[in-house]
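# Structure assessment
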Amino acid sequence: MNRLRALLARLPAVPIVPTPRTLVLLALLAPVAAVVAATAPGAWVVAPAAALALMLLAVVDGWLAGRMVRFTCHAPADAEVGQQAQIRIEAEIERDSDAPAPEAALGFDPRLGEGGAVAFSLEPTGHAGMFAGEGHIAPVRRGPGELHDLWLRWPGPLGLAVRQVHTRLDDRIRVWPDLSPVRSPVLQSFLRDSQFGLVARRIRGEGTQFEALSEYEPGMDRRRIDWKASARHTALYARENEAERDNQIVFAFDCGQSMIEPVDGLPRLDRAVSAALMAAYVALKGGDKVSLFGFADQPQMMTPFVTDTRAFHRLQSAAGDLDYTAREPNFTLALATLTARLKRRSLIVLFSDFSDPTSAELMVESVERLVRHHLVIFVTMVDTELEELTTGEPDTLGDLAVAVNADALARQRQLVLQRLKRLGVDVIEAPHETIGYRLIDLYLETKRAEAIG
């Protein structure tokens, strides 16, 4: 996105502002004036004259800083949450001096980065009067973010004054889910080397879907012999099956209070979305169908099933629209709605977390009803903060009380996960950077076992 602004035509005269160096020099004149007044009262006018001369010198220095001709702001239209995005500023300043390089500062929506501002220097480009610099932002929330202010300032040759300009921006950056795990060399290498390659191959001899008959040869599993076909042909024939495909995979996201809490600087929900999209990409490569389902106190959305990697962008776009909701999730309503929309047995991957026994009990009851008709994987991230509170050495009685309460919460958490396992739910509890790979491994294991259909 390019924004060209002609300052001469659209902006008022650029103000000249004294620098901290000038203010320090003025402050140093005060004790000098006191000494002069005490030793030579008739020469008191020297100090005011010196201050006035310094101010005039600062004005001249600001004038020598040069005139801003124009500048350009280059901002990307899209970025990914947690990944750096680059914003480039180019400016043309008319000046003949060797003054220090200009500086730029950008103000933006807090979802585009911590603090909502970034400052950086502009360096000469090699062309007369041309300067350019790059600032980097790292979005912390998905959704549209706005660049709303730009400040530019450039000092004079003596460093006594700067000229500065401020203007409003209306550039917008759309923040998408982080797809760096999908693009990672590890996953791409896996997809090339595994049975779910760039072109999904038919895997014969595995699965339950009939593919073809072949003559029986010594060493084959005798259970594969098709006795009826063998009787018709008066020779032994074995069945060749194809690994089951066309399974329905639903990635369900709890978008409630617990999932918007940050983990290493990003909400749990965004960590879950990145892991889910990575697993969804592998599932599409494997010939299965994928859908996304989001909920909080109300169901947010459910996408149609995507059947091909060429439509993967639909999943990315839908995941980008998952909202952050600072309310407790309604598992009963959400999972009942999901069950009603599914017409066949599916694999449901539920990303969630829980912070109190009441919400955990409601979740377990809802999952229990879901397990009756579908295969369920429950994914949660390790609560590192809770672990630190539990294992840390207490220094005071307050620290000891916090550690005891944290240990009680950790025990309750493990009890809930054990209850889910007893219901037949596969549970993944791991650090956020590994849940994607753990999920892929479990998905492939489940697929090989033909447990979905």
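Right above here is the structure, for reference.
Quick look at the structure, then. (Residues numbered from 1 in each chain as written. Predicted model: local features only at pLDDT ≥ 70, side-chain atom pairs only at ≥ 80, totals over all residues. Heavy atoms only, no water.)

### Remarks on the nonpolar core
- By size, the foremost hydrophobic cluster in this structure holds 50 residues, and its most contacted members are Phe251, Phe253, Leu315, Phe351 and Leu439.
- Broken down by element, the residue count for this core peaks at 13 residues, all from helix H7 (residues 268-285).
- Filtering out sequence-adjacent residues up to four positions away, Phe251 remains in contact with Ala276, Ala279, Ala280, Val290, Ser291, Leu292, Phe293, Val349, Phe351 and Leu439.
- Counting residues in hydrophobic clusters, the runner-up holds 31 residues, among them Phe71, Ala104, Leu112 and Val140. (Core = buried A, V, L, I, M, F, W, Y, C linked by side-chain atoms within 4.5 Å. Buried < 20%, exposed > 50% of the residue type's maximum accessible area, 1.4 Å probe, protein only. Helix = DSSP H or I, 4+ residues; strand = E, 2+ residues; numbered from the N terminus. Contact = heavy atoms within 4.5 Å.)

### Looking at the packing of H7 against helix H13 (residues 435-448)
- At a minimum axis separation of 9 Å, H7 and H13 run at an interaxial angle of 35 degrees. Where H7 crosses over H13, the handedness of that crossing is right-handed. Two secondary-structure elements touch here, H7 through Arg271, Ala275, Met278, Ala279, Val282 and Ala283 and H13 through Ile435, Gly436, Tyr437, Leu439, Ile440, Tyr443 and Leu444.
- Of the residues belonging to the contact of H7 with H13, the class tally is eleven nonpolar, one polar and one charged. (Axes fitted to C-alpha atoms, helices over the stretch in contact; angles between N-to-C directions. Left-handed = near helix turned anticlockwise from the far one by under 90°. Nonpolar A, V, L, I, M, F, W, Y, C, P; charged D, E, K, R; others polar.)

### Section: the packing of H7 against helix H8 (residues 312-320)
- Taken N-terminus to C-terminus, the directions of H7 and H8 make an angle of 165 degrees; their axes are 11 Å apart at the nearest point. One element, H7, and the other, H8, form an angle in the roughly antiparallel class. By crossing handedness, the relation of H7 to H8 is classed as right-handed. Of H8, the residues touching H7 (which contributes Val273, Leu277, Ala280, Tyr281 and Leu284) are Phe312, Leu315, Gln316 and Ala319. (Parallel < 35°, antiparallel > 145°, perpendicular 65-115°, else oblique.)

### Describing the environment of Gly113
- Of note, Gly113 is situated in the loop between strand S6 (103-108) and strand S7 (117-121).
- For Gly113, a relative accessible area of 5% translates into the label buried.
- Along the sequence, Gly113 and Gln84 sit 29 residues apart, while their C-alpha atoms lie 9.4 Å from each other.
- Residues contacting Gly113, with those up to four places away along its chain left out, are Phe108, Ala138 and Pro139.

### A short note on the pairing of strand S14 (residues 248-254)
- For S14, the buried fraction is high: seven of the seven residues fall into the buried class.
- Along S14, one buried face is formed by Gln248, Val250, Ala252 and Asp254 and the opposite face, lined by Ile249, Phe251 and Phe253, is buried too.
- Taken together, the seven bridges between S14 and strand S17 (residues 289-295) define a ladder with parallel strand orientation. Opposite Ile249, over in S17, you have Val290 as the bridge partner.
- Summarising the sheet, S14 and strand S19 (residues 347-351) pair through five bridges and their orientation is parallel. (Pairing = 2+ DSSP bridges.)

### A closer look at the side chain of Arg271
- Take Arg271: it is sitting in helix H7.
- Asp264 provides the closest opposite charge to the buried, salt-bridge-free Arg271, at an N-O distance of 5.0 Å.
- Engagement of the side chain of Arg271 in a polar contact is seen with the backbone oxygen of Asp264, the distance being 2.8 Å.
- Setting aside residues no more than four positions away along its own chain, Arg271 makes contact with Val263, Asp264, Gly265, Leu266, Met381, His432 and Ile435. (Lys, Arg positive; Asp, Glu negative; His and termini not counted. Salt bridge = Lys/Arg side-chain N within 4 Å of Asp/Glu carboxyl O. Polar contact = N/O pair within 3.5 Å; in protein donor to acceptor, adjacent residues only side chain to side chain.)

### Thoughts on the packing of aromatic side chains
- Tallied over the entire structure, the rule returns four aromatic pairs.
- On the numbers, 5.3 Å between centres and 10 degrees between planes, the contact of Phe253 with Phe351 is stacked. You can see Phe253 sitting in strand S14 and its partner Phe351 sitting in strand S19, a full 98 residues away along the chain. Of the two residues, Phe253 and Phe351, both sit in the buried class.
- The ring of Tyr324 has Arg141 lying over it, and the distance from NZ or CZ to the ring centre is 4.5 Å.
- The aromatic ring of Trp176 is capped on one face by Arg174, whose charged end is 5.0 Å from the ring centroid. (Phe/Tyr/Trp six-rings, centres within 6.5 Å; stacked < 30°, edge-to-face > 60°. Lys NZ or Arg CZ within 6 Å of the ring centre and 35° of its normal.)

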